[in-house]
Amino acid sequence: MATTYDFPSDLLAGQEELHQVRAELSALLKRLPWSVEPLDGFSDDNGWRKVERPASPGWSADEQAEVEKLRQREHELAVFVTTHRYWSELAGPERVAARSELKHAHEVPPEETGGTS
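Not measured: the values here are computed from a predicted model. (Residues numbered from 1 in each chain as written. Predicted model: local features only at pLDDT ≥ 70, side-chain atom pairs only at ≥ 80, totals over all residues. Heavy atoms only, no water.)

Draft legend 1. View of the overall build of the chain. Regarding its fold elements, the chain presents four helices and two strands. Across the chain, helices and strands are ordered from the amino to the carboxyl terminus as α-β-β-α-α-α. Counting only residues that meet the buried cut, the chain has 22% of its 117 residues in that class. The long-range share in the chain, meaning contacts at least 24 apart out of those at least 6 apart in sequence, stands at 61%. Carbon together with sulfur atoms contributes 52% to the accessible area of the chain, which is approximately 8,500 Å² in total. (Helix = DSSP H or I, 4+ residues; strand = E, 2+ residues; numbered from the N terminus. Buried < 20%, exposed > 50% of the residue type's maximum accessible area, 1.4 Å probe, protein only. Contact = heavy atoms within 4.5 Å. Areas by Shrake-Rupley, 256 points an atom, 1.4 Å probe, with all protein chains shown as cover.)

So, in structure tokens, the structure goes:
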């Protein structure tokens, strides 16, 4: 049976917010043009695969600020989670296993959703 860990509530909250910020940043980056600066489109089929990009209008100042804000918050949360005092209570492989479990602590186990594994 797998070991369960009693994570402090602030560590759980930090990890959950980190997941949320990363998801929000990923969604934002997918919506934005491929280039931060305005650039012409291009097509290159001389490599091992063809690469095409449409012209990019670039990102607005507000879009750049939003990306920077999310990246900064992601960094703050990652530092908080990885340097949390809780990790000093664990050693070696147990710390690795606990960290892995924390990353998935927000997920609902299949037995609680009625699904199967």
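Resuming the write-up.
Draft legend 2. Molecular detail of the side chain of Q15. Mapped onto the elements, Q15 comes out in helix 1 (residues 9-31). Take Q15: its relative accessible area is 3%, and that puts it in the buried class. Excluding residues that lie within four positions of it along the chain, Q15 makes contacts with V81, R99, L102 and K103.

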